[in-house]
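As a plain string of letters, each chain reads:
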Amino acid sequence: MLERLLDLPGRELGLDAYLSDFESYFWQVDETWKLERQQTFREPDVPSWAALAEGDCAKALRLAEEMRPSIRAHQERLDERGITQHRIRIVEMPPSPYLWWELHILRIRAELGERITVLDAAGLRSLEETRELPEVLVLGDQAAYVIQYDRTGVLNGARKLTDPQIVRACREEIAALHRKGEDLLSYFSHEIAPLGPPVM
């Protein structure tokens, strides 16, 4: 199913509509499943990413650590609601500067309770014979969002699919990839921590 998502019809949502729709459903579900495939994005509204883009990796990591209290507060709210977040991060080595930075953020998220695994892109070979998989976020049994970005890699909306069979298939396939992956904290310790800052 994941390899077919880009061909399936859905409700097109611009950025504001997507964020509003997501928020309206998010706190009603008991689990989420996210597949992250692309290796490079832009997050200009995140100070830590902006520092990375300016080539100041030390500042980027310092600002990333300053995000920990807000991430902890969000995780505590999730825990209170009984919501479990799962994420499978696909990686190509050596990591792009963005991925190097994001994995530091994900390490914080994993330390605080998000269930994150990492899978080498080679593990998707059978699913990517014609093109890469899209970015996908599944909210319980409510919806699957095919997340969309502009030409520069900035989030600009999503396509929402609500057919129960499609949503279920996406959830099951992302969960299977998640099980194949390595725990993020373990992966980080032997693949990312030894690396120096990326060449910008």
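Provided above is the structure to which this section pertains.
Below, the discussion takes up the overall build of the protein. Each helix and strand counted, the protein has seven helices and eight strands in total. Relative to its length of 200 residues, the protein is compact, with a C-alpha radius of gyration of 16 Å against a globular reference of 16 Å. Here the protein holds 200 residues, and 48% of them are scored as buried. Residue pairs in contact within the protein that sit at least 24 positions apart in sequence constitute 79% of those at least 6 positions apart. Accessible surface, the protein as shown: approximately 10000 Å² in total, 48% of it carbon and sulfur. Charge-centre separation for the protein: the mean point of 25 positive side chains lies 1 Å from the mean point of 35 negative side chains.

Two pairing modes exist for strands in a sheet, parallel and antiparallel, and in both the strands are linked by backbone hydrogen bonds. Taken in spatial order, the eight strands line up as 1-7-6-5-2-3-4-8 in an open sheet, and their pairing is mixed. Of all strands in the sheet, those bounded by a partner on one side alone are strand 1 (11-14) and strand 8 (182-183). Each of strand 1, strand 2 (31-36), strand 3 (84-91), strand 5 (135-139), strand 6 (143-149) and strand 7 (155-161) touches helix 1 (residues 15-26); the most contacted strand, strand 1, lies at about 110 degrees to it.

Once that is clear, we can look at the packing of helix 3 (residues 57-65) against helix 5 (residues 97-112). Their axes nearest at 10 Å, the elements helix 3 and helix 5 cross at an angle of 25 degrees. Judged by the angle between their axes, helix 3 and helix 5 are roughly parallel. Classified by chirality, the crossing of helix 5 by helix 3 is right-handed. Contacts from Cys57, Ala60, Leu61, Ala64 and Glu65 of helix 3 reach helix 5 at Trp100, Trp101, His104, Ile105, Arg107 and Ile108. Per-class residue counts for the contact of helix 3 with helix 5 are eight nonpolar, one polar and two charged.

Glancing now at the pattern of salt bridges. Taken as a whole and assessed by the stated rule, the structure comprises 17 salt bridges. A salt bridge links Arg131 to Asp7, with the nearest nitrogen and oxygen atoms 2.6 Å apart. Here Arg131 is found in the loop between strand 4 (115-120) and strand 5, whereas its partner Asp7 is found in the segment before strand 1, with 124 residues between them in sequence. A relative accessible area of 55% means that Asp7 is categorised as exposed. Residues Glu111 and Arg68 are paired through a salt bridge, measuring 2.8 Å at the closest nitrogen-oxygen approach. Taken together, the positions of Glu111 in helix 5 and Arg68 in helix 4 (residues 68-81) put the pair 43 residues apart, joining distant regions of the chain. For Glu111, a relative accessible area of 37% translates into the label partly exposed. Overall, the relative accessible area of 16% leaves Arg68 in the buried class. Taken together, the shared-partner salt bridges in this structure form one network comprising Lys34, Glu36, Arg87, Arg89, Glu102, Arg109 and Glu114.

Under the defined criterion, the tally for this structure stands at eight aromatic pairs. Considering the side-chain rings of Phe41 and Tyr98, the 5.4 Å spacing of their centres and the 70 degrees angle between planes classify their relative orientation as edge-to-face. One end of the pair, Phe41, is in the loop between strand 2 and helix 2 (47-53); the other, Tyr98, is in helix 5, and 57 residues separate them in sequence. Above the face of the Trp27 ring, Arg77 is positioned so that its terminal group lies 3.8 Å from the ring centre. Its end group placed over the ring of Phe188, Arg107 keeps NZ or CZ at 5.2 Å from the ring centre.

The rules we used
- Residues numbered from 1 in each chain as written.
- Predicted model: local features only at pLDDT ≥ 70, side-chain atom pairs only at ≥ 80, totals over all residues.
- Heavy atoms only, no water.
- Helix = DSSP H or I, 4+ residues; strand = E, 2+ residues; numbered from the N terminus.
- Rg over C-alpha atoms; globule rule 2.2 N^0.38 Å.
- Buried < 20%, exposed > 50% of the residue type's maximum accessible area, 1.4 Å probe, protein only.
- Contact = heavy atoms within 4.5 Å.
- Areas by Shrake-Rupley, 256 points an atom, 1.4 Å probe, with all protein chains shown as cover.
- Lys, Arg positive; Asp, Glu negative; His and termini not counted.
- Charge placed at Lys NZ, Arg CZ, Asp CG, Glu CD.
- Pairing = 2+ DSSP bridges.
- Axes fitted to C-alpha atoms, helices over the stretch in contact; angles between N-to-C directions.
- Parallel < 35°, antiparallel > 145°, perpendicular 65-115°, else oblique.
- Left-handed = near helix turned anticlockwise from the far one by under 90°.
- Nonpolar A, V, L, I, M, F, W, Y, C, P; charged D, E, K, R; others polar.
- Salt bridge = Lys/Arg side-chain N within 4 Å of Asp/Glu carboxyl O.
- Phe/Tyr/Trp six-rings, centres within 6.5 Å; stacked < 30°, edge-to-face > 60°.
- Lys NZ or Arg CZ within 6 Å of the ring centre and 35° of its normal.

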